[in-house]
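Survey of secondary and tertiary structure
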Amino acid sequence: MTVDQPHYKTSDEVDFAIIGSGAAGGILAKELSTNGFRVVVLEQGPYLTEADFTHNEIEILALDKLTNHPKLQPNTFRKTPDEKAKPQRALVYGRCVGGTSVHFTANFWRFHEIDFIERSKVGPVAGSGLMDWPIKYADLEPYYTKVEWEIGVSGLAGASPFDPPRSKPYPMPPLPVKSSGVIFERAARKLGWHPFPAPMAINSQARAGRSACVNCGFCLGFGCEVGAKSSSLATAIRMAERTGRCEIRPNSYVHRIETDVNGRATGAIYFDEKRNTHLQKAKAVVVCANGAETPRLLLLSASKRFPNGLANSSGLVGKYLMLNSYTDVLALFEHPLNDYKGYTDSRVLHDFYELDPQKTGFYGGGGLDARFDFTPITFAMGGYPVSGSPSGLPPDTPRWGRGFKNALSHNFTRTMKIACHGTSLPMETNSFSLDPELKDAWGLPALRMTYKNHPDDLKLEAWQRDRALEILEAAGAQKKWHGEIEDDSFAFHLLGTCRMGNDPKTSVINADHRAHDVRNLFLCDGSSLVTSGRGQPTMTIEALAFRAADRITALAKRGEISA
Amino acid sequence: MRIRQMSLTENRLHPTVGKSRKLRRNTMNELNRRNFLLRTGTGLSAAWITANWPALLSAAKHAHNAAKAATPPKFEFFTPEEAAEVEAITARIVPTDDTPGAREAGVVYFIDRSLATFAVDDQKTYREGLPDLQSRAKEMLPDTSKFSGLTTEQQDAVLHSFDENTPTTRRAFRARPGAQNFFETLRQHTIAGFLIDPDYGGNHDGVGWKVIGREREHMFQPPFGYYDKDYPGWQPLAKEADKK
């Protein structure tokens, strides 16, 4: 994998140092190296490949083999800024080459036109900092198409009447439908709604040197052993390596962006595997470290010139965190679905993408999918994707003994879930910041998450949950159950913390992903999002990365970065 | 008394389960053995894993062979007496009835090897929990000296004494303080040892997966289940498809 890579010296000033190798970092590495630039990608996690991926649930549940480790990288949590935050695992993200795209579900919905113009369309929403994007859907459309064709997305164009315009069909047909998808599709149609085949970043056919999905059933949470999941690892990173101009440097934990007296970034300081410190010199720095670690890195890079953190003259670095509202309903059916086979979800519903606040009494919108995201151990006792998350068994199931075993043996093949994904409104009080006390294993200030849902997010969850219950009722489920609607205290989607905008007072980066305050610093990942979309952000993060690469290349070629 | 008589030797033979599927298991084991990285306590660094690689490899091999062997191997962490007690508990968590349970899945070997190698953080939970269990049993049934010597009904009664104060939100696999923790830890370890992919040192012969109806293949083809078997393929909605 790494044989053709150049090995740049840290003293050798490369064109771009990219921090993070996930959904955005991988694509920026591919695009910028393809465009002729010399690129170093600094990834804090290890370089794992298909041969390292297994079906071992303990590696995922207890070892965090692919994700941030709560002992090495502890964090704190609080609901509101006036509380003292307590140590409590509050977030998970991919920590290996390919980042979170290695273990993601691979739901690849495009954002719709509304997602970029919510503020001007609906006006202010009390208690939120809802703002329009500086770009529109039409600006991103070519890049969504690029993601679908260059990274690889399976789906069926035109299947959803709610889809935004597209310039090209999907390059691959949808993946095979699952029993949960058929149940969902038939019932939703009975109710007059418009379910459609899920667009997934998973190969439904062998394509571009990668295998088709073999339906092994260890998908969400796991790395793909056959490379069918279109992770950055399996796609963009390898394309970047083939240019011969891109070095992927794993086990490199960047903890400071260095700046000179003129306020220009000069490179990235990182710990190597042995905790030796290096400065990789670069003409420009691109941070793609995710919506938690990107703002943390900027805050860690405070200096005399940038006392509140790098690129933080607005004071908004780390703020407006959005997680996407989420809730789900489980159901038991008479016959085996065997939904443990295959990828996670095969049918999606977008009828509720734009709800009318006059009718619902809240602002928000979302999408539903039919899924089974358990593996045998998590089905029996919960645990992933959140430690402490519920199992796949009804709440009245005995916790052990014959009744437990009977439920396990009967239900495992007969259970499905409807997942309800939706908007979360941006609130300035929701944030990632540096904890004043807790340190990580390297002695650096730990992440502190502050989060309390906007009341409308919770109303949306309850509203969508009721629709899911209606679908399961229409489907003839034998039993249905769900948890309580409550404030989120755990983050998967890390969005909005360095938002994009035209005004340096109300945003951190401009529409070129350039930091308003630092000419040769670019940020691109979930932190760039101005609004949350409807629950599936990665497709948009990747489209933004393709677009950012074009903008950055144009700036560099005009000599506007190094000047 | 039945449990005591059966434990540890007889069930290693369990000739009735798992003979039908040899699969490509030998190949898979060769491929996956190095990936055996079980851990049931808190935090580990990548460096730790690398440093302990040989131990992990041998753990995988050991657990696998232990479950296969007709003669039980030596326990690494438990004394034979402790192992009998632990196995008796696991057999109440996932009992043997007309289908195999924790005993047939070799769960006690999975737990023993885990505690002896890389789940050392949980050793204390077991060291303190087992005597606590004995004293609970003695308190409830003064004539007995061993949990494993009780009838299954008596054993269940003792274990139900742990049910109170069971936390509602559980952090899977992460050790928590307190005596209450023992039964919950053992419950989680038992489930893990019963349902883990058999290539990773538990779930002997895939019996746990047979019980829950999970086929032990590495790839599947549609149709997957009852409801998608007659699916005619995607049909666009007639006429009203442009409704918005």
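Residues numbered from 1 in each chain as written. Chains lettered and ligands numbered in written order. Predicted model: local features only at pLDDT ≥ 70, side-chain atom pairs only at ≥ 80, totals over all residues.

So, about the overall build of chain B. Counting its regular elements, chain B contains 11 helices and zero strands. Looking at the 244 residues of chain B, the share that counts as buried comes to 45%. Residue pairs in contact within chain B that sit at least 24 positions apart in sequence constitute 68% of those at least 6 positions apart. (Helix = DSSP H or I, 4+ residues; strand = E, 2+ residues; numbered from the N terminus. Buried ≥ 20, exposed ≤ 12 C-beta atoms within 10 Å, placed from the backbone. Contact = placed C-beta atoms within 7 Å.)

Turning next to the pairing of strand 11 (residues 345–349) of chain A. All names here are of chain A. With respect to burial, strand 11 is a largely interior element, five of its five residues being buried. Bridge analysis of strand 11 against strand 12 (residues 366–371) gives four bridges, and the strand direction is antiparallel. Looking at the pairing, valine 348 lines up with aspartate 369 of strand 12. (Pairing = 2+ DSSP bridges.)

Moving on to the pairing of strand 1 (residues 14–19) of chain A. Residues and elements named next belong to chain A. Of all the six residues making up strand 1, five are buried; the element is thus mostly covered by neighbouring parts of the structure. In this structure, strand 1 lies alongside strand 2 (residues 39–42), joined through four bridges in parallel fashion. Paired with alanine 17 across the two strands is valine 40, which belongs to strand 2.

To continue, consider the sheet that holds strand 13 (residues 415–422) of chain A. Hydrogen bonds between backbone groups are what pair the strands of a sheet, and the pairing can be parallel or antiparallel. All names here are of chain A. With antiparallel pairing, the six strands of this open sheet are ordered in space as 5-11-12-13-10-16. Of all strands in the sheet, those with a lone pairing partner are strand 5 (195–197) and strand 16 (479–482), marking the two edges. Across the sheet, the mean angle separating the axes of adjacent strands is 25 degrees when strand polarity is ignored. Strand direction decides the pairing type here: strand 10 (residues 325–332) and strand 13, joined by eight bridges, are antiparallel. Counted as the bridge partner of aspartate 328 is alanine 419 from strand 13. Lying on the sheet, helix 5 (residues 179–190) is in contact with strand 5, strand 11, strand 12 and strand 13; it crosses strand 11 at an angle near 20 degrees. Packing against the sheet, helix 11 (residues 455–474) makes contact with strand 10, strand 12, strand 13 and strand 16, and its axis sits at approximately 20 degrees to strand 10. (Axes fitted to C-alpha atoms, helices over the stretch in contact; angles between N-to-C directions.)

Moving on to the packing of helix 4 (residues 137–152) of chain A against helix 12 (residues 538–557) of chain A. Residues and elements named next belong to chain A. One can describe the packing of helix 4 onto helix 12 by two numbers: an axis separation of 8 Å at closest approach and a directional angle of 105 degrees. Taken together, the axes of helix 4 and helix 12 are roughly perpendicular relative to one another. Along the contact surface, helix 4 presents Leu140, Tyr143, Tyr144, Lys146, Val147 and Ile151, while helix 12 presents Met539, Glu542, Ala543, Phe546 and Arg547. (Parallel < 35°, antiparallel > 145°, perpendicular 65-115°, else oblique.)

Read across the sheet, four strands follow the order 4-3-15-14 (chain A) without closing on themselves; strand pairing throughout is mixed. On the outer flanks of this sheet lie strand 4 (86–87) and strand 14 (431–439) of chain A, each paired with one strand and no other.

Turning our eyes to something else, we now look at the packing of helix 1 (residues 23–34) of chain A against helix 12 of chain A. Residues and elements named next belong to chain A. Where helix 1 contacts helix 12, the two axes come as close as 8 Å, and the packing angle between them is 30 degrees. Judged by the angle between their axes, helix 1 and helix 12 are roughly parallel. Crossing handedness for the pair helix 1 and helix 12: right-handed. Every residue of helix 12 that contacts helix 1 at Ala23, Ala24, Ile27, Leu28, Glu31 and Leu32 is listed here: Thr538, Ile541, Glu542, Leu544, Ala545, Phe546, Ala548, Ala549, Ile552 and Thr553. (Left-handed = near helix turned anticlockwise from the far one by under 90°.)

On the secondary structure map, A:His194 appears in the loop between helix 5 and strand 5. Put simply, A:His194 and A:Pro436 are 242 residues apart on the chain and 49 Å apart in space, counted from C-alpha to C-alpha. Excluding residues within four positions of it along the chain, A:His194 makes contact with A:Ser160, A:Pro161, A:Leu349, A:Asp351 and B:Leu237.

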